[in-house]
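# Fold and contact review
Below, each chain spelled out in residue letters.
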Amino acid sequence: MSTKHEKILQYIESLPVGDKISVRQIAKEMQVSEGTAYRAIKEAENRRLVSSIERVGTIRIEKKKKENIERLTFAEIVNIIDGQVLGGKSGLHKTLTKFVIGAMKLDDMMRYTDAGSLLIVGNRTQAHEYALKTGAAVLITGGFDTTDSNKALADELDLPIISTSYDTFTVATMINRAIYDQLIKKDILLIEDVYVPMEDTAVLRNSDTIADFHKQNRRTTHGAFPVLTHQNKLVGMITSKDVIGKEESEPIDKVMTKSPIAASMKTSVASAGHRMIWEGIDLLPVIDEDGLLKGVISRQDVLKAIQLAQRQPQHGETIDDLVKNEMRVMGEEDIAVEFTVTPQMTNQFGAISYGAFTILLSEVGAFALKRRKRGEAVVENMNIYFIKPVQMESVLTVRPRILDMSRKFVKMDFEVFSGANLVGKAMMTFQLLER
């Protein structure tokens, strides 16, 4: 059964791209309160189904696939640069293919401008007109206006003319930053990217018995199942361990784990994996905000996804990426890692930030474990001693040493040198992710 919230989202998704949407219209159409309609529209915005623009309203935009997330719609551009739409509002839902900065003669500029482009230019009204005629939208910097005939042309061609008070350099920087942020998001795997959907998930009902568990177990060979009400609400999890020595006629809800740990679609795969290892869970149910089951994710799915993600080319540069880029491994048996402190990794005093230092040690530890063929690991706890401040552009040498290793845990000791000086020490415990 779908909730009102889900029905509204499905309705929004079914609307043609470019349609305007309002709280009042949704409330009337779906016969819900304005509060419910508002919450659904906000969720649709988070899912990138719609975009809300000041002085224009909320419009349905193209939902871009994950691999094309770096392509923006004109509506998103308006929000990024705090723009004002002068004409062509009905084309805001379109996705642009490239940016052209108009810093050349008119004829030369037009050689680079084609359909689907966004021409970023100042108060050159003839350039605005030519760009629209070639099928490109226009972004006017410096807060300038354009002619009424250009606005009418933009409306006729469904191509937006946007004005912003920022200069061209600032606008280009802001758009680049937005694309970069989205590329970083693209690299973060979420549960929604890898989960097994509800229709492919074997489940049991809270009215079932242990005999039904055995029947499902023989049919699927699975050792754990989500337990649902007949409205598909998650109420428990049951595993092979729970049914040992129990009578076939015993109700499932007497032996299941009630209020089980669950994830949402937007939980990252890495954090789900950590939780599953920490709690000793092999199967994690995935639910929506109303507690209805959407699917499941297994420990094997999580490990496969993490390993696959590590083999993909990374585009967005998070602080983790910056740290990894500066690491150089030396030695085969007793490994050491050389590392240069760049300006982006420093605090207000020009010394290496605690965050960058922590990431460095975690990465070196994980690398040392991979060298020992121990696979993936997550940090469980750490004690770090900052002995001396490390200035930017210092070259550090990190020496990891395994103190104790069991099937599930590894204790490691680290020494960090700058030249011959000991500048930091750490003790860390890693939890090994079972293969």
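Our structure is the block above this text.
Residues numbered from 1 in each chain as written. Predicted model: local features only at pLDDT ≥ 70, side-chain atom pairs only at ≥ 80, totals over all residues. Heavy atoms only, no water.

The next subject is the overall build of the protein. Summing up its helical and strand segments, the protein has 16 helices and 21 strands in all. Whereas a compact globule of 435 residues would reach a radius of gyration of roughly 22 Å, the protein reaches 28 Å, over 25% beyond that. A total of 435 residues make up the protein; the buried ones form 44% of that total. Here the contacts in the protein between residues at least 6 apart in sequence split such that 54% fall between residues at least 24 apart. For the protein, the accessible surface area stands at approximately 22700 Å², while carbon and sulfur atoms represent 50% of it. (Helix = DSSP H or I, 4+ residues; strand = E, 2+ residues; numbered from the N terminus. Rg over C-alpha atoms; globule rule 2.2 N^0.38 Å. Buried < 20%, exposed > 50% of the residue type's maximum accessible area, 1.4 Å probe, protein only. Contact = heavy atoms within 4.5 Å. Areas by Shrake-Rupley, 256 points an atom, 1.4 Å probe, with all protein chains shown as cover.)

What follows covers the pattern of salt bridges. Where charged atoms from two side chains of opposite charge come close, those side chains can pair. The tally for this structure, following the rule as stated, stands at 15 salt bridges. Put simply, Lys42 and Glu45 hold a salt bridge, and the shortest N to O gap is 3.3 Å. Of this pair, Lys42 and Glu45 are both found in helix 3 (residues 34-46), three residues apart, which corresponds to roughly one turn of the helix. Glu45 gets classed as partly exposed once you look at its relative accessible area, which sits at 25%. (Salt bridge = Lys/Arg side-chain N within 4 Å of Asp/Glu carboxyl O.)

Looking at where Thr229 falls in the secondary structure, it is placed in the loop between strand 11 (224-228) and strand 12 (234-239). Overall, the relative accessible area of 14% leaves Thr229 in the buried class. Among residues more than four places away in sequence, those in contact with Thr229 are Arg205, Asn206 and Val235.

What follows is about helix 16 (residues 354-371). Counted at 1.5 Å a residue, the expected span for helix 16 with its 18 residues is 26 Å, and the 26 Å between its end C-alpha atoms agrees. Among all positions in helix 16, only Ala356, Phe357, Ile359, Leu360, Leu361, Ser362, Val364, Gly365, Ala368 and Leu369 are buried. (Expected span 1.5 Å × (residues − 1).)

On the secondary structure map, Thr267 appears in the loop between strand 13 (257-258) and helix 13 (269-279). Polar contacts involving the side chain of Thr267 include one to the main-chain amide nitrogen of Ser264, which spans 3.0 Å. Excluding residues that lie within four positions of it along the chain, Thr267 makes contacts with Leu190, Ile191 and Ala272. (Polar contact = N/O pair within 3.5 Å; in protein donor to acceptor, adjacent residues only side chain to side chain.)

Taken N-terminus to C-terminus, the directions of helix 1 (residues 4-14) and helix 3 make an angle of 55 degrees; their axes are 9 Å apart at the nearest point. Overall, the two elements helix 1 and helix 3 adopt an arrangement that is oblique. You can see that helix 1 and helix 3 cross each other, and the crossing is right-handed. Packed against helix 1, whose contacting residues are His5, Ile8, Leu9 and Ile12, the element helix 3 presents Thr36, Ala37, Arg39, Ala40, Ile41, Glu43 and Ala44 at the interface. Along the lines of polarity and charge, the residues of the contact of helix 1 with helix 3 split into seven nonpolar, two polar and two charged. (Axes fitted to C-alpha atoms, helices over the stretch in contact; angles between N-to-C directions. Parallel < 35°, antiparallel > 145°, perpendicular 65-115°, else oblique. Left-handed = near helix turned anticlockwise from the far one by under 90°. Nonpolar A, V, L, I, M, F, W, Y, C, P; charged D, E, K, R; others polar.)

Moving on, we get to the sheet that holds strand 15 (residues 293-298). Across the sheet, three strands lie side by side as 9-15-14; this open sheet has antiparallel pairing. Taken across any chain shown, the strands that pair with only one partner, and hence form the sheet edges, are strand 9 (196-197) and strand 14 (283-287). As judged from the five bridges shared by strand 14 and strand 15, these two strands associate in the antiparallel manner. The residue of strand 15 that forms the bridge with Val286 is Gly295. (Pairing = 2+ DSSP bridges.)

Moving on, we get to helix 10 (residues 210-220). Those residues of helix 10 that sit buried are Ile210, Phe213, Gln216 and Thr220. Considered in projection along helix 10, the buried side chains sweep an arc of 115 degrees and stay on one side of the axis. Every exposed residue of helix 10 that faces more than 90 degrees away from the buried side is listed here: Lys215, Arg218 and Arg219. Structurally, helix 10 contributes buried residues whose contacts are with strand 10 (204-205), strand 11, strand 12, helix 11 (240-243) and helix 12 (252-255). (Arc of directions from axis to C-beta.)

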